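Coordinates in review
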Amino acid sequence: MGWGDHHRVVWGASAPGKVLLFGEHAVVYGMTAVAASINLRTTVVASISNKNEKETMDDIVDPYSVAAESEKSISLHLADLEVRLTWPIREIIAAMGMWGTPERLWWSPEQSGMGAPAKVVACDDLLLGILHELVQDQLPAELQNDHALLTCASVFLHLYLHILGCREGEVRVTSQLPTGAGLGSSASFCVALSGALLAPCGILESADQSQVQREESTSEGGQEMHKLWDPALTLVNRWAFEGEKVIHGKPSGVDNNICSRGGMLGFRQGEIMWQVGGQEAGQQLPGSILVTNTGVGRNTSAMVAALRSRIARHPRVMEEILEAANAISAEFMNLVGAYKREGEGAKDGAKGEEQEEEEEEEEGKEGKQGLLSAAEMEVCAEEQDLRRRLPELIEINQKLLECMGVSHPTIEEVCRITAKFGLASKLTGAGGGGCVLSWLPSDISCDLLESIKAELHASGFRCFQTVFGGEGLQLWRGVD
Ligand SMILES: Nc1ncnc2c1ncn2[C@@H]1O[C@H](COP(=O)(O)OP(=O)(O)O)[C@@H](O)[C@H]1O
Ligand SMILES: C[C@@](O)(CCOP(=O)(O)O)CC(=O)O
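Residues numbered from 1 in each chain as written. Chains lettered and ligands numbered in written order. Predicted model: local features only at pLDDT ≥ 70, side-chain atom pairs only at ≥ 80, totals over all residues. Heavy atoms only, no water.

Rules: UniProt positions are given in the numbering used here, feature names are shortened, and annotations may be inferred rather than shown by experiment.
Under the annotation held in an unreviewed UniProt entry, the protein chain carries the name Mevalonate kinase and is attributed to Chara braunii. For the protein chain, the Pathway (unreviewed entry) comment in UniProt is given as "Isoprenoid biosynthesis; isopentenyl diphosphate biosynthesis via mevalonate pathway; isopentenyl diphosphate from (R)-mevalonate: step 1/3." One UniProt comment on the protein chain, placed under Subcellular location (unreviewed entry), says "Cytoplasm".

Below, the structure is given as structure tokens:
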């Protein structure tokens, strides 16, 4: 099937990467983490046949005989890696038979009314083994030991087969995110993939009208972009979480939540407890982030396992450390919450008359101080507080992560370099390598920033600047 075929639907989806501002690892033990999306994204475009393979045959005897004759296939194109994997549908059906081919593999748009598959299918060990074998059969010899590719392609097959069933299709993935560096490439991939696969099942045309009304559509570059609202987003999130489990074992769920919802959020025990919307996040938290990649690869599940062993050896001590990380997230949410309230009040003129009169009186007594009104000075005081306390919270959290045993000499070197220039830094994500974030106040001078970047570069590190927040999952219908 080509991209110009008439019997297919084309959907695109893109999801952002993320940074964990505070609380990584602690969140696995029920503590609060604070995450923010960043402006690097993964894009998935799916071109899917609108017929299930079973329906394309005239004489349906049984699924297996239909499949045996099929010449059709399902492909995954990982464009950045220049890898294209193609599975003949007959091979998939034969292999999946060992798991007990579920009805889902034969479902059709007519049968289901194209309702999105509301029931998420978990990937058990037997199924994972089958998927691994299917992937390995397609991998060239030189890529047989590529664990990242194995897990990524297994997630693809799991979601594709259980969301869309055995219909011919091609899925192309491109990403601006480095993989395995703590910037949420796996969650961004799982969210964009779930969105692109659920869209042809009518997730935007839900029978629930309230959901349709709450869906937001905007036009970008002549293309209509759809932003999902609950419960459609929750469904995407659930499938993405299943994908994350295939890659990581037992993730906390913070990554798929931030990559699907965007903005900034506080997350604890599977629940979102604090949220700042996509574009708002950059306004609520002034400044930006410098992300430095140590270039040291690591594996999230290995880092999580290492901390688990340390906790088993020192349960009482580690409990205190995890609690301290939790307190940092709580303090940060208060700090930004306070800044937001005061800032909004001053900007929007949302203060009570009494308060305004009091301020005028104050100004009358002391006169305008410099060029700022009393209200503006109040906002500045809040920002001053944030400027003083945020770097300290970042530094303390980094020290706690060192105590958790998830830091790395290169991470500490980046922290030392940036500290020389007055910046606070911490690892972000699973640690053990990966990326380090540094908070950049909004008025940092270009010269200073260039000096920091030059020194990091001279020490062999690559870095880039990004803003907090930005849109979560976005969907668009492709051109036939
Ligand atoms: N664009 C992509 N192409 C291939 N695999 C990807 C891509 N993005 C993410 N992955 C998968 O995600 C894994 C990295 O996840 P993880 O170790 O959690 O790092 P990160 O912090 O970047 O999410 C890779 O091993 C791979 O399986
Ligand atoms: C260490 C952890 O808190 C975050 C891992 O983030 P990443 O895979 O490095 O992007 C694990 C989790 O939350 O499941």
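There's more to say after this.
Here's the deal with the overall build of the protein chain
Short version of the rule: The helix count covers DSSP runs of H or I at least four residues long, the strand count covers runs of E at least two residues long, and both are numbered beginning at the N terminus. Buried residues are those whose accessible area, probed at 1.4 Å on protein chains only, stays under 20% of the maximum for their type, while exposed residues exceed 50% and partly exposed ones sit between those limits. Note on contacts: a residue pair is in contact if any heavy atoms of the two residues lie within 4.5 Å. Every accessible area reported is derived by Shrake-Rupley at a probe size of 1.4 Å, with residue values counting cover from the shown protein chains alone.
For the protein chain, the count of helices and strands is 16 helices and 14 strands. Expressed as a percentage of the 480 residues in the protein chain, the buried residues total 52%. For the protein chain, long-range pairs separated by at least 24 residues make up 76% of all intrachain contacts whose partners lie at least 6 apart in sequence. Summed over all atoms, the accessible surface of the protein chain reaches about 21,200 Å², with 50% contributed by carbon and sulfur.

A look at the pairing of strand S4 (residues 83–88)
This is how the line gets drawn: Here, strands pair whenever DSSP counts at least two bridges between them.
Across six bridges, the pairing between strand S3 (residues 73–78) and S4 is antiparallel. Across the sheet, residue His77 finds its bridge partner in S4, namely Arg84. Hairpin connection from S3 to S4: four residues lie between these consecutive antiparallel strands, with Glu82 at a positive phi of about 55 degrees.

Considerations on the site of ligand 2
Spelled out, the test is: Proximity is defined per residue: if any heavy atom of the residue lies within 4 Å of a molecule or strand, that residue is considered near it. Each polar contact in these results corresponds to two N or O atoms within 3.5 Å; when the atoms are within protein, one needs to be able to donate a hydrogen and the other to accept it, and residues that are neighboring in sequence are counted only if both atoms are side-chain atoms. Grid spacing is 1 Å over the protein atoms alone, the probe is 1.4 Å, and a cavity is where that probe fits but cannot get out, while a pocket is an open set with protein on both sides within 12 Å along at least five of seven lines and lining residues have an atom within 4 Å of a point. A pocket or cavity is taken to hold a molecule when more than half of that molecule's atoms are within 2 Å of the pocket's grid points. Three residue categories are used. Nonpolar comprises Ala, Val, Leu, Ile, Met, Phe, Trp, Tyr, Cys and Pro, charged comprises Asp, Glu, Lys and Arg, and polar comprises the others, including Gly.
The immediate surroundings of ligand 2 are formed by 17 residues, with Lys18, Ser252, Arg298, Thr300 and Ala430 found nearest. Contact between ligand 2 and His25: an oxygen atom at 3.0 Å from a main-chain N or O atom of the residue. Here an oxygen atom of ligand 2 sits 2.6 Å away from a polar atom, N or O, in the side chain of Ser252. When atom positions are compared with the pocket grids, ligand 2 is found to occupy the largest pocket. Tallied by class, residues from the shell around ligand 2 come to six nonpolar, seven polar and four charged.

So, the UniProt feature "domain: GHMP kinase N-terminal" (unreviewed entry) in the protein chain
Taking the UniProt record as the reference, the feature "domain: GHMP kinase N-terminal" (unreviewed entry) is found at residues 165–202. Taken as a whole, residues 165–202 contains 37% helix and 18% strand, while its terminal C-alpha atoms sit 15 Å from one another.

Some remarks on the nonpolar core
Where we set the bar: Throughout this description, the term nonpolar core refers to a set of buried Ala, Val, Leu, Ile, Met, Phe, Trp, Tyr and Cys residues connected via side-chain atoms within 4.5 Å.
Trp87, Phe156, Tyr160, Val171, Leu193, Leu197 and Ile203 are the most contacted members of the largest nonpolar core, which has 74 residues in total. It is helix H5 (residues 147–164) that provides the largest number of residues to this core, a total of twelve residues. Counting 59 residues, the second largest nonpolar core, distinct from the first, contains Ile38, Val406, Ile417 and Phe468.

Here's the deal with the layout of surface pockets
Worth spelling out the cut-off: Grid points are joined across faces, edges and corners, and a volume is the space filled by probe spheres set on the points.
Its volume calculated, the largest pocket comes out at about 1,100 Å³. Around the largest pocket, the lining is made up of 46 residues, and of these Gly180, Ser185, Ser186, Ile247 and His248 lie nearest the centre. Mapped onto the lining of the largest pocket, the elements with two or more residues apiece are strand S1 (8–22), H5, strand S5 (169–175), helix H6 (185–198), helix H8 (232–248), helix H9 (254–261) and helix H11 (300–313). Here the lining of the largest pocket is built from residues that sort into 19 nonpolar, 18 polar and nine charged. In this structure, the second largest pocket spans a volume of roughly 250 Å³. Lys227, Trp229, Leu233, Arg261 and Gln275 are the residues nearest the centre of the second largest pocket, which is lined by 14 residues in total. Across the lining of the second largest pocket, the residue classes break down as four nonpolar, five polar and five charged.

A closer look at the pattern of salt bridges
Keep this limit in mind: Between Lys or Arg on one side and Asp or Glu on the other, a salt bridge is scored when a side-chain nitrogen of the former is within 4 Å of a carboxyl oxygen of the latter.
Counting across every chain of the model gives ten salt bridges. Among the salt bridges present, the one from Asp385 reaches Arg389, with a minimum N-O distance of 2.9 Å. Placement of both Asp385 and Arg389 in helix H14 (residues 374–403) is noted, with a separation of four residues, approximately one turn of the helix. One salt bridge connects Glu455 with Lys420, and the closest N-O pair in it is separated by 2.5 Å.

Observations regarding unusual backbone geometry
Not every positive phi belongs to a glycine, and His25 is a case in point at roughly 70 degrees. Within the fold, His25 resides in the loop between S1 and strand S2 (33–49). Even without glycine at this site, Gln269 takes up a positive phi of about 45 degrees. If you trace the backbone, Gln269 turns up in the loop between strand S8 (264–268) and strand S9 (271–276). Assessed through its relative accessible area of 60%, Gln269 is described here as exposed.

As for the packing of helix H15 (residues 409–420) against helix H16 (residues 446–458)
We apply this condition: Between N-to-C directions, angles span 0 to 180 degrees; the directions come from axes that are lines fitted to C-alpha atoms, helices contributing only their stretch in contact. By the definition adopted for this analysis, an angle is roughly parallel if under 35 degrees, roughly antiparallel if over 145, roughly perpendicular if from 65 to 115, and oblique otherwise. Should the near helix be turned anticlockwise from the far one by less than a right angle, the crossing is termed left-handed; should it be turned clockwise, right-handed.
Direction vectors running N to C along H15 and H16 enclose 150 degrees, while the axes themselves pass 10 Å from each other. Here H16 runs roughly antiparallel to H15, going by the angle between their axes. Seen along the crossing, H15 lies across H16 with a hand that is right-handed. Contacts between H15 and H16 involve Val414, Ile417, Thr418 and Lys420 from the former and Ile452, Glu455 and Leu456 from the latter.

Considering the pairing of strand S10 (residues 288–293)
Here S10 lies mainly inside the structure; six of its six residues are buried. Every second residue of S10 is oriented toward a common face, with Ser288, Leu290 and Thr292 on one face and Ile289, Val291 and Asn293 on the other, all of them buried. Strand direction decides the pairing type here: S10 and strand S12 (residues 435–440), joined by six bridges, are antiparallel. What sits directly across from Val291, in S12, is Leu437.

Let's talk about the site of ligand 1
Around ligand 1 sit 18 residues in total, of which Ala148, Thr151, Gly182, Ser185 and His248 are the nearest. In this structure, Ser186 approaches ligand 1 through a main-chain N or O atom, which is 3.0 Å from an oxygen atom. One of the side-chain nitrogen or oxygen atoms of Arg298 is found 3.5 Å away from an oxygen atom of ligand 1. Considered on its own, ligand 1 offers 570 Å² of accessible surface; in the complex 92% of this is hidden by protein. According to the grid-proximity analysis, the pocket containing ligand 1 is the largest pocket. Where the shell around ligand 1 is concerned, the elements lending two or more residues are H5 and H6. Broken down by class, the residue content of the shell around ligand 1 amounts to seven nonpolar, ten polar and one charged.

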